[in-house]
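Coordinate analysis (summary)
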Amino acid sequence: MARIRPLEPTEVGPETRAIFERLFAQRGNMPNMFRTMALRPEIMATAEAHLHAIFTTGSVEPRLKEMLAVRVSQINDCYY
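One structure accompanies this document, and this report is about it. (Residues numbered from 1 in each chain as written. Predicted model: local features only at pLDDT ≥ 70, side-chain atom pairs only at ≥ 80, totals over all residues. Heavy atoms only, no water.)

**Observations regarding the overall build of the chain**
- Tallying secondary structure elements over the chain gives four helices and zero strands in all.
- When its helices and strands are written in sequence order, the chain yields α-α-α-α.
- Projected onto the principal axes, the alpha-carbon positions of the chain cover approximately 35 × 30 × 20 Å.
- Of all intrachain contacts in the chain linking residues separated by at least 6 positions in sequence, the fraction that spans at least 24 positions is 42%. (Helix = DSSP H or I, 4+ residues; strand = E, 2+ residues; numbered from the N terminus. Contact = heavy atoms within 4.5 Å.)

**Points about the side chain of Arg35**
- Within the element layout of this structure, Arg35 appears in helix α2 (residues 32–37).
- Arg35 sits in the buried class, given a relative accessible area of 15%.
- Polar side-chain contacts of Arg35 include one of 3.0 Å to the backbone oxygen of Leu7.
- Within the local environment of Arg35, its side chain forms a polar contact with the side chain of Glu8, the two groups lying 2.7 Å apart.
- The residues touching Arg35, leaving out its near neighbours within four places in the chain, are Pro6, Leu7, Glu8, Phe20 and Met30. (Buried < 20%, exposed > 50% of the residue type's maximum accessible area, 1.4 Å probe, protein only. Polar contact = N/O pair within 3.5 Å; in protein donor to acceptor, adjacent residues only side chain to side chain.)

**Topic: the pattern of salt bridges**
- Per the stated rule, a full pass over the model turns up five salt bridges.
- The partner of Glu42 in a salt bridge is Arg40, and the shortest N-O contact between them spans 2.7 Å.
- According to the relative accessible area criterion, Arg40 is partly exposed, its value standing at 46%. (Salt bridge = Lys/Arg side-chain N within 4 Å of Asp/Glu carboxyl O.)

**Looking at the environment of Pro41**
- Looking at the secondary structure, you find Pro41 in helix α3 (residues 41–56).
- Once the C-alpha coordinates of Pro41 and Pro31 are considered, the two residues, 10 residues apart in sequence, prove to be 15 Å apart.

**Examining helix α1 (residues 14–27)**
- Over its 14 residues, α1 runs 20 Å from end to end, which matches the ideal 20 Å to within 8%, given 1.5 Å per residue.
- Of all the positions in α1, only Thr16, Ile19, Phe20 and Leu23 are classed as buried. Each buried residue of α1 sits inside an arc of 100 degrees when the element is viewed along its axis, so together they form one side. In α1, those exposed residues whose orientation departs by more than 90 degrees from the buried face are Pro14, Glu15, Glu21 and Ala25.
- Residues of α1 that are buried sit in contact with α2 and α3.
- Looking one or two residues past α1, Gly28 carries a phi angle of roughly 85 degrees, positive in sign. (Expected span 1.5 Å × (residues − 1). Arc of directions from axis to C-beta.)

Structure below.
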């Protein structure tokens, strides 16, 4: 099965690098899904906006939202 190689920050343009830096500042890491989506910067930008809306709105604490995402991925046998 073919795999898509995630991009490194040195391999992306300035706009995508800015998203990488924001995500790293917020999370302390760079999720592989964003490194992979960097192959299509327009998709990565909308995904970042979606993730931001999920984690910064509502009454559930962001830490609990993150824990729920990890648990759902475990239940579904996919690595998060």
